[in-house]
Amino acid sequence: MHHLVKVSIWPLGMLLMGQALVGCGSGSQESAEVSEPASMPLQTGSAEQIVLAIGGESEEGYDPTLGWGRYGSPLFQSTLLKRDADLNIVNDLATDYTISEDGLTWTVTLRDDVVFSDGEPLTAADVAYTFNQAGESGGLTDVTVLEEAVAVDDTTVELRLAEPQSTFVNRLITLGIVPEHAHGPDYARNPIGSGPYQMVQWDEGQQLIVEANPNYYGEAPGLERLVFLFLEEDAAFAAAKAGQAQVASVPQSLAVQSIDGMTLYDVTSVDNRGLMFPFASATGETTPNGDPIGNDVTADRAIRQAVNYAIDRQALVDGVLEGYGSVAYGPVSGLAWEEPNAAIEDAQPEQAQEILAAGGWADTDGDGVLEKDGLKAEFTILYPANDSTRQALALAAAEMLKPVGIQANVEGRSWDEIEPAMHSNVVLFGWGSHDQTEMYNLYHSQAAQGDFYNAGYYANQAIDETLDLAMGAPSEAEAIAFWKAAQWDGNQGFTAQGDAAWAWLVNLDHTYFVSDCLDIGQPQVEPHGHGWPITANIAEWEWTCN
């Protein structure tokens with residue numbers, strides 16, 4: 001769910017011109033109507049500065065203990081571990097880590113040569129403070145399993161858990177370390193860290209300027225200054241085309257175009273899109289906020305399975321995503337913990353009709369829509385109204401369901417309107433993480449608490465038990481068999497052949513235009529679009545032109 005704020009073309013030029021005034025504390029610029037791209041001053045890029053129009057502004061700021069960086073790449077902060085281009089886990093601040101036999105104590109040893117951007121040393125006390133603070137804050141970074149973090153000495157920290165958790169390694173990968181001495185209420189808007197870049201100026205809703213951290217312990221970044229412009233995707237494309245941005249994130253519909261002097265990067269991601277079904281019947285039950293739970297049509301497994309088999313996912317990739325994507329049959333397509341046997345042969349309307357007939361659905365009045373016990377095979381698909389890709393996916397899916405006798409009504413709404421309705425209507429959601437915890441939260445019955453996790457109130461005790469085995473496994477590697485079994489074990493699972501709790505549709509490729517003068521190395525398989533996933537290796541980026 002990208003958050004993009006519209007900035008018109010003229011302020012774009014003004015903002016870029018304002019960079020020379022950064023040291024004088026120039027503020028944000030007011031928007032104004034206009035202008036032709038040709039009237040803008042050309043920003044050609046250099047090793048001293050590039051401009052990125054890739055969205056990803058964090059309204060809440062840049063405090064990891066509140067959730068910043070939970071999808072990885074916190075930029076201002078560094079992490080204990082990280083994932084390389086092939087998603088292997090490698091050391092960052094850590095030089096080593098061990099896990100006790102009972103899985104309850106993670107002991108991490110640290111580099112002894114790290115300082116924050118303000119020159120103060122980073123020690124185990126800062127690591128312990130960060131983890132404890134993240135636990136106390138109750139932010140979006142889930143460290144609820146942590147009992148306490150304790151600094152044993154300056155370079156050794158123990159992370160003591162209440163119970164073993166195989167996914168805890170992801171907290172070491174994504175939780176940026178903050179300085180205890182400089183962490184307070186204003187930290188999110190004035191972050192200090194030990195990452196490759198430090199914040200210089202943030203004009204909220206418009207631009208963020210960062211510079212290389214001279215105290216960074218790794219190899220010095222190849223680019224001195226980065227300017228992030230927060231533009232809508234069409235404006236980002238216009239900026240790139242006008243030579244105003246050297247990296248621009250664009251929707252797949254614009255990726256088919258070309259820009260002189262720029263190359264399109266088509267980056268594989270686990271940024272998925274799918275139809276979430278309300279799983280329970282509408283019995284009058286409500287969420288803690290009083291929102292209705294359940295839908296009598298989608299509570300029928302025959303309906304959910306028929307949708308899965310009727311939809312032609314490759315047609316969605318080709319027609320909606322312009323080929324920039326891949327089909328998805330589960331929430332982790334393309335990752336090591338995907339169960340390949342959960343895939344089905346889709347685009348099978350005849351099989352969908354057989355499933356529906358076997359489930360007791362028939363068109364008794366000849367209107368083209370099936371009925372069962374007086375109930376029509378009809379539901380509403382909600383999507384965020386400002387997302388043209390989700391709109392197109394929803395409309396295309398609805399058309400694919402008509403021939404099998406399912407009426408899907410498509411409605412675009414704001415998230416404020418979707419939230420109270422998402423437990424009783426089908427929603428076209430987007431997820432995708434390198435952290436298996438997300439899969440647990442989408443499908444475990446205890447995660448259904450009236451918010452975005454398990455919004456459909458899916459519940460299957462056998463699947464809960466399998467997910468618990470995965471979560472409690474001693475390591476990520478030993479958990480994989482259980483993660484796969486929860487998807488489909490040959491007899492049961494939450495995917496299409498089993499409970500069909502969702503109809504996953506596609507994984508998006510993230511599409512960027514990048515200057516031909518910029519070498520961005522090998523991008524990793526990217527998670528959902530929050531933050532700046534393409535910057536995971538930004539310290540390695542180089543300007544190659546004079």
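Structural data are supplied above this passage.
The following paragraphs examine the structure supplied in this document. (Residues numbered from 1 in each chain as written. Predicted model: local features only at pLDDT ≥ 70, side-chain atom pairs only at ≥ 80, totals over all residues. Heavy atoms only, no water.)

### Thoughts on a negative patch on the surface
Note the threshold: Candidates for patches are residues over 30% relative accessible area with no salt bridge; among them, like charges are joined within 9 Å and nonpolar side chains (Val, Leu, Ile, Met, Phe, Trp, Tyr) within 5 Å. The accessible surface values rely on the Shrake-Rupley method and a 1.4 Å probe; as for residues, cover is taken only from the protein chains in view. Take a side-chain nitrogen of Lys or Arg and a carboxyl oxygen of Asp or Glu: if they are within 4 Å of each other, that pair is a salt bridge. Asp and Glu count as negative and Lys and Arg as positive, but His and the ends of the chain are not part of the count. Working definition for charges: the position is that of NZ of Lys, CZ of Arg, CG of Asp or CD of Glu. Counting from the N terminus, the helices are the DSSP runs of H or I reaching at least four residues and the strands are the DSSP runs of E reaching at least two. Burial classes follow relative accessibility: with a 1.4 Å probe on protein chains only, a residue under 20% of its type's maximum area counts as buried, one over 50% as exposed, and anything between as partly exposed.
A surface patch of negative charge is lined by Glu219, Asp519, Glu540 and Glu542. Checked against the element boundaries, Glu542 lands in strand 23 (residues 542-543). Note on Glu542: relative accessible area 43%, which makes it partly exposed.

### Digging into helix 13 (residues 476-487)
The condition is simple: Here the expected length of a helix is defined as 1.5 Å per residue gap, with one fewer gap than residues. Note: the arc covers the axis-to-C-beta directions of the helix.
Here helix 13 contains 12 residues, and its C-alpha end-to-end distance of 17 Å stays within 8% of the 16 Å for a straight helix at 1.5 Å per residue. Among the residues of helix 13, Glu476, Ala479, Ile480, Trp483, Ala486 and Gln487 are the ones counted as buried. Here the buried residues of helix 13 occupy an arc of 130° about the axis, which is enough to place them on one side.

### Here's the deal with the sheet that holds strand 20 (residues 502-508)
To keep it simple, the criterion reads: By this definition, two strands are paired if DSSP reports at least two bridges between them. Only C-alpha atoms enter the line fits that serve as axes; for helices the fit covers just the stretch in contact. Angles between N-to-C directions range over 0 to 180 degrees.
With respect to topology, 6 strands assemble into an open sheet ordered 14-20-13-19-17-18, the strand pairing being mixed. At either end of the open sheet lies a strand with only one pairing partner, and these are strand 14 (325-327) and strand 18 (407-413). For this sheet, the mean angle separating the axes of adjacent strands, direction not counted, is 25°. As paired strands, strand 14 and strand 20 are joined by 3 bridges and run antiparallel to one another.

### Topic: the packing of aromatic side chains
Operational definition: Between rings of Phe, Tyr and Trp, where Trp is taken as its six-membered ring, a pair exists when centres lie within 6.5 Å; planes separated by under 30 degrees are stacked, by over 60 edge-to-face, and by other angles tilted.
If you walk through the whole model with that rule in mind, you get 22 aromatic pairs. Ring centres of Trp68 and Trp532 lie 5.3 Å apart, and the angle between their planes is 70°; this geometry places the pair in the edge-to-face category. Here Trp532 lies in the loop between strand 22 (518-519) and strand 23 and Trp68 lies in the loop between strand 1 (49-53) and strand 2 (81-83), a separation of 464 residues in the sequence. In terms of burial, Trp68 and Trp532 fall into one category: buried. With centroids separated by 6.4 Å and ring planes inclined at 55°, the aromatic side chains of Phe429 and Trp431 adopt a geometry described as tilted. Ring pairs connect the aromatic residues Trp415, Phe429, Trp431, Phe452, Tyr453, Trp502 and Trp504, which therefore count as one cluster.

### Some points on the pattern of salt bridges
Tallied over the entire structure, the rule returns 16 salt bridges. One salt bridge in this structure joins Arg83 and Glu476, with 3.2 Å as the shortest N-O distance. Linking Arg83 in strand 2 with Glu476 in helix 13, this pair joins segments that are 393 residues apart in sequence. An identical accessibility class is assigned to Arg83 and Glu476; each is buried. Of the charged contacts, one joins Glu399 and Lys402 as a salt bridge, the two residues approaching to 3.1 Å between their closest N and O atoms. Under the relative-accessibility criterion, Glu399 is labelled partly exposed at 47%. A relative accessible area of 43% places Lys402 in the partly exposed class.

### Here's the deal with the nonpolar core
Stated precisely, the cut-off is as follows: Remark: nonpolar core denotes a set of buried residues (Ala, Val, Leu, Ile, Met, Phe, Trp, Tyr, Cys) joined through side-chain atoms within 4.5 Å.
Ranked by internal contacts, the top residues of the largest apolar core, which has 41 residues, are Leu275, Ile303, Val307, Ile311, Phe379 and Ile406. For this core, the elements supplying multiple residues, two or more each, are helix 6 (301-310), helix 7 (313-319), helix 8 (349-358), strand 17 (378-384), helix 9 (388-401), strand 19 (426-431) and strand 20.

### Observations concerning the packing of helix 6 against helix 8
Condition: Any angle between 65 and 115 degrees counts as roughly perpendicular, while under 35 counts as roughly parallel, over 145 as roughly antiparallel, and the rest as oblique. Contacts between residues were defined by any pair of non-hydrogen atoms, one from each residue, lying within 4.5 Å.
Between helix 6 and helix 8, the least distance of the axes is 8 Å, while the angle of their chain directions is 175°. In terms of their interaxial angle, helix 6 and helix 8 are classed as roughly antiparallel. Contacts between helix 6 and helix 8 pair Ala302, Ile303, Gln305, Ala306, Tyr309 and Ala310 from the former with Pro349, Gln351, Ala352, Ile355 and Leu356 from the latter.

### Quick notes on the environment of Tyr324
Mapped onto the elements of the fold, Tyr324 is located in the loop between helix 7 and strand 14. Distance from Tyr324 to His510, taken between C-alpha atoms, is 7.8 Å for residues 186 residues apart in sequence. Excluding anything up to four places from it in sequence, Tyr324 contacts Gln252, Ala255, Val256, Leu264, Asp266, Val317, Leu508, Asp509 and Thr511.

### Some points on helix 9
The condition is simple: Each polar contact in these results corresponds to two N or O atoms within 3.5 Å; when the atoms are within protein, one needs to be able to donate a hydrogen and the other to accept it, and residues that are neighboring in sequence are counted only if both atoms are side-chain atoms.
Look at helix 9: 20 Å from first C-alpha to last across 14 residues, which is about the 20 Å you get at 1.5 Å a residue. Listed in full, the buried residues belonging to helix 9 are Thr389, Arg390, Leu393, Ala394, Ala397, Ala398, Met400 and Leu401. In a view along the axis of helix 9, the buried residues occupy a sector of 165°, so they form one face of it. N-capping of helix 9 is provided by Asp387, with a side-chain oxygen placed 3.1 Å from the backbone N of Thr389.

Any functional reading would require information beyond the geometric quantities listed.
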